[in-house]
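Listed below, chain by chain, are the residues.
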Amino acid sequence: MKQFQKTSELQSYLKSSSKSIGFVPTMGALHEGHLALIKASKSTCELTVCSIFVNPTQFNDPTDFEKYPVTIAADLEKLEAEGCDVVFVPSVSEMYPSGTAQLKHYDLGFIETILEGKYRPGHFQGVCVVVDLLLQAVQPHKLFMGEKDYQQIAVVRKMLELTNSSIELVKCPTVRSGEGLALSSRNARLTEEQKEQALAIYRGFGLSSETEFKQSLLENGFESIDYVACVDPQTLQEKPVGEKPYLILVAAFIGSVRLIDNKTFA
């Protein structure tokens, strides 16, 4: 597995190959969900590139950025074992050589004003900036992202349209524990008791209303809820629960850890 910290060195290596490139952007603290994306890339592309970069511009809460788990050594071991071909681990100064004060703005429209966009202002602009920069560095044929971050996928798809990109965005199913908890790097900050309580999210998808879902979360140890929403899977416009197809998305706090999840009902 080749490792690069500099964009120029990464590009020099990739340009020497004529192989199809699959790309998996991550912020590290890798788990089986990330590795499933590596597997998906390897199954359809000749060369798989993974980036590890904790992007400061997508954290609207500085404390959240500071607490984000960093496990580079373990991440590299997992990627090597999975057969990843190339890993890109840039520094903040490498990604933002001119700083983060004057960054490109993306006209994302409605999708930036709801759900995650409403509760994490500026988050999706930060996501678009870093994904755009990483795609310019890697220049892949396919981009692999997990459905747990459903709205993020929609935002990145919009960004690809805005930049007239020909890169294919491939969304992969959410990977869960045997009990149903969506795998997340943030789960590392949960106690065993909190992980058990967090299963209320998965069980909540079977409830008949958003109100019942919220009540169940609060009764099972969640301290606050940003949203439980039922929307159209394509447009993310609100729609009634039960009117298929529909998508339920949730974001809630257990302790100081904010968890998100979703489920589509076709």
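Bear in mind the structure is a predicted one, so any value in this text is a computation, not a measurement.

So, about helix α9 (residues 192-204). Every buried residue belonging to α9 is among Q194, A198, L199, A200, I201 and G204, and all of these are buried. In this structure, the buried side of α9 is in contact with α10 (210-219), β8 (246-254) and β9 (257-265).

Residue placement: I201 occurs in helix α9. Remark: the alpha-carbon pair of I201 and V228, spanning 27 residues in sequence, is separated by 10.0 Å. Setting aside residues up to four positions removed in sequence, I201 forms contacts with F213, L217, F222, V250, L259 and D261.

Our focus in this paragraph is the environment of K158. Here K158 lies in helix α8 (residues 150-162). The class of K158 is partly exposed, set by a relative accessible area of 29%. Sequence separation between K158 and G109 is 49 residues, and the spatial gap between their C-alpha atoms is 9.3 Å. Among residues more than four places away in sequence, those in contact with K158 are D107 and L108.

Let's shift gears to the pattern of salt bridges. Going through the model one piece at a time under the given rule, you end up with 14 salt bridges. The salt bridge partner of K104 is D132, with a shortest N-O separation of 3.7 Å. Of this pair, K104 sits in the loop between α5 (92-95) and α6 (116-119) while D132 sits in helix α7 (residues 123-138), and the two are 28 residues apart along the sequence. Taking the shortest distance from any N to any O, the salt bridge between E116 and R120 comes out at 3.8 Å. Residue R120 is classed as buried on the basis of its relative accessible area of 11%. Each of E116, R120, D226 and R258 takes part in one network of salt bridges that share partners.

Its domain assignment divides the protein chain into domain 1 (2-172) and domain 2 (185-261). Put simply, the middle of domain 1 and the middle of domain 2, counted by C-alpha atoms, are 25 Å apart. Facing 21 residues of domain 1, the contacting portion of domain 2 comprises 16 residues. Of the roughly 1,600 Å² buried at the junction of domain 1 and domain 2 (both faces included), carbon and sulfur atoms supply 58%. Three residues stand out in domain 1 for area buried against domain 2, namely L115, Y119 and Y150, and they jointly supply 34% of the buried area on that side. Between D64 and R186 there is a salt bridge whose closest N-O contact spans 2.8 Å. For the interface between domain 1 and domain 2, the tally reads nine residue pairs in polar contact (both at pLDDT 80 or more). Sorting the residues of the side of domain 1 that touches domain 2 by element identifies α3 (62-67), α6 and α8 as the ones contributing at least two each. Residue composition of the side of domain 1 that touches domain 2, by class: eleven nonpolar, four polar and six charged.

So, how was this worked out
- Residues numbered from 1 in each chain as written.
- Predicted model: local features only at pLDDT ≥ 70, side-chain atom pairs only at ≥ 80, totals over all residues.
- Heavy atoms only, no water.
- Buried < 20%, exposed > 50% of the residue type's maximum accessible area, 1.4 Å probe, protein only.
- Helix = DSSP H or I, 4+ residues; strand = E, 2+ residues; numbered from the N terminus.
- Contact = heavy atoms within 4.5 Å.
- Salt bridge = Lys/Arg side-chain N within 4 Å of Asp/Glu carboxyl O.
- Domains from an automatic or database assignment.
- Buried area = accessible area lost by both parts, 1.4 Å probe.
- Polar contact = N/O pair within 3.5 Å; in protein donor to acceptor, adjacent residues only side chain to side chain.
- Nonpolar A, V, L, I, M, F, W, Y, C, P; charged D, E, K, R; others polar.

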